[in-house]
Amino acid sequence: MAKPLKVDEMWLERIASLLNDMEFGSLQIVVHEGQIVQMERTERKRFENTASGAVKTSRASGQQRRTSTR
């Protein structure tokens, strides 16, 4: 039988900080024996082409990936 997931205030703050300012992306949470052991954040940057050929970005260019473990 699966153990109930233990999420205290510290984990809620960590999750919120990884989701903060994310415009497009995903947050993967890895659970082992009922406890969070790892979080992976993948953020995508989307670009729009304009008529003048310049590129507009919805945020800073590039891709960001942070990993937080216990």
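Residues numbered from 1 in each chain as written. Predicted model: local features only at pLDDT ≥ 70, side-chain atom pairs only at ≥ 80, totals over all residues. Heavy atoms only, no water.

Caption draft 1: View of the nonpolar core. Formed by W11, I15, L18, I36 and M39, the largest nonpolar core amounts to five residues. For this core, the secondary-structure elements that each account for two or more residues are α1 (9–19) and β2 (35–43). In terms of residue count, α1 provides more of this core than any other element does, three residues in total. (Core = buried A, V, L, I, M, F, W, Y, C linked by side-chain atoms within 4.5 Å. Buried < 20%, exposed > 50% of the residue type's maximum accessible area, 1.4 Å probe, protein only. Helix = DSSP H or I, 4+ residues; strand = E, 2+ residues; numbered from the N terminus.)

Caption draft 2: Highlighting the pairing of strand β1 (residues 25–32). Here eight bridges tie β1 to β2, and the two strands are oriented antiparallel to one another. From the neighbouring strand, L27 faces β2, where its bridge partner is R41. Count of turn residues in the β1/β2 antiparallel hairpin: two residues, of which E33 carries a positive phi of about 50°. (Pairing = 2+ DSSP bridges.)

Caption draft 3: Fine view of the side chain of R41. Tracing the backbone shows R41 in strand β2. At a separation of 2.7 Å, a polar atom in the side chain of R41 contacts the main-chain carbonyl oxygen of L18. Polar side-chain contacts of R41 include one of 2.5 Å to the side chain of E43. (Polar contact = N/O pair within 3.5 Å; in protein donor to acceptor, adjacent residues only side chain to side chain.)

Caption draft 4: View of the confidence of the model for the protein. The predicted model of the protein averages 80 in pLDDT, with 73% of residues at 70 or higher. Of the regions scoring below 50 in pLDDT, residues 61–65 engages in 13 contacts with residues more than four places distant in sequence or in other chains. (pLDDT = per-residue confidence, 0-100. Contact = heavy atoms within 4.5 Å.)

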